[in-house]
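Structure at a glance
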Amino acid sequence: MIVAMALLVFSRALAEGGHEDWIEAGVRLGSGHVSLQAPQYRARKTIEYRLSAEDLGAVEAAISKPALNGRLVAAAPRLAVEGLASSASSALPVAVIGVDPERESNLSSLPEHLESGRYLEGDDRLQAYVGARLAERLGLETGDRFVLTAQDASGEIAGQMARVIGIFRTGLPEADEGLVQIPLETAREWLGVPGAVTSVDLLLDSSRSVRPVLRSLDASLAERSDAVRAIGWRESNPELDAAVRMDDWADYVFHAVLFAIAGLTIINTILMSVMQRTREFGVMRALGLNRGEVGRLVFTEGMLLTLASGVVGMLIGLAVVWLFFRNGIDFSSMMSGEMTAAGTVIDPVIVPKFRLVQVAESLLFVFAVGTAASIYPAWRATRLDLAQAMKFAE
Amino acid sequence: MNDTTAAVRTENLWKIFENGDIRVEAVRGVTFRVEPGEFVVLAGPSGSGKTTLLNMIGGLTRPTNGKVWVDGREIGGLPDRDLAELRLNRIGFVFQAYNLLPVLTALENAEFTLLLRGSEAEERRRRVGKLFKRIGIEGLEDRLPGKLSGGQQQRVAVARAVVGEPALVLADEPTANLDMATSTSLIELMEELNRELGTTFVFATHDRHLMDRARRNIRLVDGQIVSDKRRD
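Every chain is numbered independently, its residues counted from 1 as its sequence is written. Labels are handed out in written order, letters beginning with A for the chains and numbers beginning with 1 for the ligands. Since the coordinates come from a predicted model, pLDDT governs what is reported: local features require at least 70, and pairs of side-chain atoms require 80 or more to be given and counted, while whole-chain, interface and lining totals use all residues.

A short note on the overall build of chain B
Quick note on the threshold: Secondary structure counts use DSSP, requiring at least four H or I residues in a row for a helix and at least two E residues in a row for a strand, with both numbered from the N terminus. Three exposure classes are used. Buried residues have 20 or more other C-beta atoms within 10 Å of their own C-beta, exposed residues have 12 or fewer, and partly exposed residues fall in between, all C-beta atoms being placed from the backbone. Residues are treated as contacting if the C-beta atoms built from their backbones sit within 7 Å of each other.
A tally of helices and strands in chain B yields 8 helices and 10 strands. Counting only residues that meet the buried cut, chain B has 47% of its 232 residues in that class. Taking the intrachain contacts of chain B between residues at least 6 apart in sequence as the baseline, contacts between residues at least 24 apart amount to 70%.

Structure (structure tokens):
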């Protein structure tokens, strides 16, 4: 019973941790837990639907409100456009994102995937951070120049020369083959949109903060609802949302099985303890306890047994969670190379996550199972044939 | 007819066990009476019905037919709660296999019925301590049953049966698992309690030694009383 509860608590924390890591990896390579953008931008990703300097000011004010304190980890303004990257040898379609290097490195995991050169810095102008596969296909190395072409704000095709300052490799084909980051100011000048961005993306402390943050932002930006809209990662990254939901169901089924095993173990333990002590209960009845009192005794004993072992099991489970809380569990030996799913590189190190609600749920489960598991043995105890129970018959 | 003077009285008592086609008449029309303070043995061969008769007197088994009065109350029709209360307050049990609760110490076993009656801890300890001294198991209070000899366990069981000063003690083969010396000393102890406290003792036994010591021998064969002899 103790082992079942410990296993339950640990596996739930591990699943929660794996889940949260997966979401975080997805949002750090994508558009954050929450993205603030023009309402039409999600359907048509062009700079026509951008946030003006005035909108950006309102967004910056909204995200600095105290309601977001403790939840907001980083905010990065971005100006994204679909374009073409051309070198002397080839031309390929790319997504070009103008970023504020300092703020971007607080949100995005892209700088951590540096393969050669360096990441963008604050005073960079014509530097570009390029995906490794794209660089290979364009025949580019660090220091090489290439040209970015895209439609500017006036609808004209505009070109921008850039120099490769760093090359990254995430393991994610869509990023490595088709993503270029350049300084935000360079992108604004190139596209003729001074002070504008296409989104401000937010990294939160956890995915559970998305709802309250969205509520707060909706309230703060209510007056500008026709110009700015806050959307969560589930909406901005439907592929990751679908994958996470599927994983959720797999978790539910797994834990339902685990809960059932734990429940049956508890029922069996209590029932066995009653069966083995038939004579003892018979003696108690003979000495003056009535049926109801013996039933209550067995029920209380079952509940205490369940609660005690449940709490001990939970403490052991939490101790194991705590043991792996700092460094996590490294599953890289089970993976060959980078493992990607739903536009995310999956981190092989899973850090179990502990939440108070897990303790509450586990206690509730223990209580429910203890009750269910104690009722039948208690009823059995009330039905004892006294003479038989004590082998009193001839 | 209500009889408030007898410690135990039965009238045309029957117990029939039925299991499918098998029908066993364990007790067949037994009528007898035990006066307060008697020291009575129900004797007879195995299967003669003495334990079943004892069970019916103690309210552990309900009769198929007939009536039983204990301490003046007809118990056949009593609800479970009232029967339990009667056992708690008026009847003490001693079993062949001692039947001490294994997780309780000797003292806790002995004070169990007092605890159920709601006696204060101090009063319980005082009465059990006095009784333990009297029956020669002083100093064994904190021992678990597993750490006691058979004779010591049966003494604790006797202490448990009499500590609440019941009107009636029912003992089923109390000496069956004991050697002669221990058995003799236990019988002497129960005789002493019978004399001094006036407690009625009814035994079911094969033990010739116990039969010889009893002042009254009721012999059962095939569920019927075949003789009822008193010793002067």
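Side note on the environment of Asn 237 of chain A
Mapped onto the elements, Asn 237 of chain A comes out in the loop between α8 (233–236) and α9 (238–276). Distance from Asn 237 of chain A to Gly 30 of chain A, taken between C-alpha atoms, is 7.7 Å for residues 207 residues apart in sequence.

Points about the sheet that holds strand β4 (residues 65–70) of chain B
Formally: When DSSP finds two or more bridges between a pair of strands, those strands are recorded as paired.
As summarised here, the arrangement of the 4 strands in space is β2-β1-β4-β5 (chain B), forming an open sheet in which the pairing is antiparallel. Edge positions in the open sheet fall to β2 (22–34) and β5 (73–74) of chain B, since each of these has one partner strand only.

Section: the confidence of the model for chain B
In low-pLDDT segments, the atomic positions of the prediction should not be examined closely. Let me state the cut-off plainly: pLDDT measures how confident the predictor is about each residue, on a scale from 0 to 100.
Across chain B, the average pLDDT comes to 91, with 98% of residues at 70 or higher. Overall fold confidence (pTM) sits at 0.65, and the ipTM for the predicted complex is 0.88.

Things to note about the interface of chain B and chain A
Each partner contributes residues to the interface: chain B has 21 residues there, and chain A has 16 residues. Counting residues per element, the side of chain B that touches chain A draws most heavily on helix α2 (residues 80–90) of chain B, which supplies 5 residues.

Description of the pairing of β4 of chain B
All names here are of chain B. Bridge analysis of strand β1 (residues 8–19) against β4 gives 5 bridges, and the strand direction is antiparallel. Looking at the pairing, Arg 9 lines up with Trp 69 of β4. Pairing between β4 and β5: 2 bridges, direction antiparallel. Considered in β5, the bridge of Trp 69 is made with Glu 74. Hairpin connection between β4 and β5: a loop of 2 residues separates the two successive antiparallel strands, and Asp 71 in this loop has a positive phi of roughly 55°.

What to know about the pairing of strand β9 (residues 199–204) of chain A
Residues and elements named next belong to chain A. With 5 of its 6 residues buried, β9 lies for the most part within the structure. For strand β2 (residues 72–86) and β9, the ladder comprises 6 bridges, and the chain directions are antiparallel. Each residue of the ladder has a partner; that of Leu 72, found in β9, is Leu 204.

With respect to the environment of Ala 26 of chain B
Residue and element names in this part refer to chain B. Position of Ala 26 relative to the elements: it lies in strand β2. Taking the number of C-beta atoms within 10 Å as the measure of exposure, Ala 26 has 23 and is therefore buried. Separated by 11 residues in sequence, Ala 26 and Lys 15 place their C-alpha atoms 5.6 Å apart. Among residues more than four places away in sequence, those in contact with Ala 26 are Lys 15, Phe 17, Gly 49, Thr 52 and Gly 223.

Digging into helix α6 (residues 150–162) of chain B
All names here are of chain B. Stated precisely, the cut-off is as follows: A helix is expected to span 1.5 Å multiplied by its residue count minus one.
For α6, built from 13 residues, the straight-helix expectation of 18 Å at 1.5 Å per residue is met to within 8% by its first-to-last C-alpha distance of 18 Å. Counting buried positions over the 13 residues of α6 gives 11, a clear majority of the element. Looking only at α6, the buried set comprises Gly 151, Gln 153, Gln 154, Arg 155, Val 156, Ala 157, Val 158, Ala 159, Arg 160, Ala 161 and Val 162. The inward-facing, buried residues of α6 contact β6 (91–94), α3 (106–110), α4 (112–117), α5 (121–134), β7 (168–172) and α7 (180–197).

Considerations on the nonpolar core
Across soluble globular proteins, you tend to see nonpolar side chains buried next to one another. What counts here: For our purposes the nonpolar core covers buried Ala, Val, Leu, Ile, Met, Phe, Trp, Tyr and Cys residues that link as a set through C-beta atoms within 7 Å.
Residues Leu 42, Ala 159 and Val 202 of chain B are the most contacted members of the largest nonpolar core, which totals 100 residues. Top contributing element to this core by residue count: helix α1 (residues 2–29) of chain A, with 7 residues. Listed in part, the 70 residues of the second largest apolar core include Ile 63, Leu 148, Val 164 and Phe 168 of chain A.

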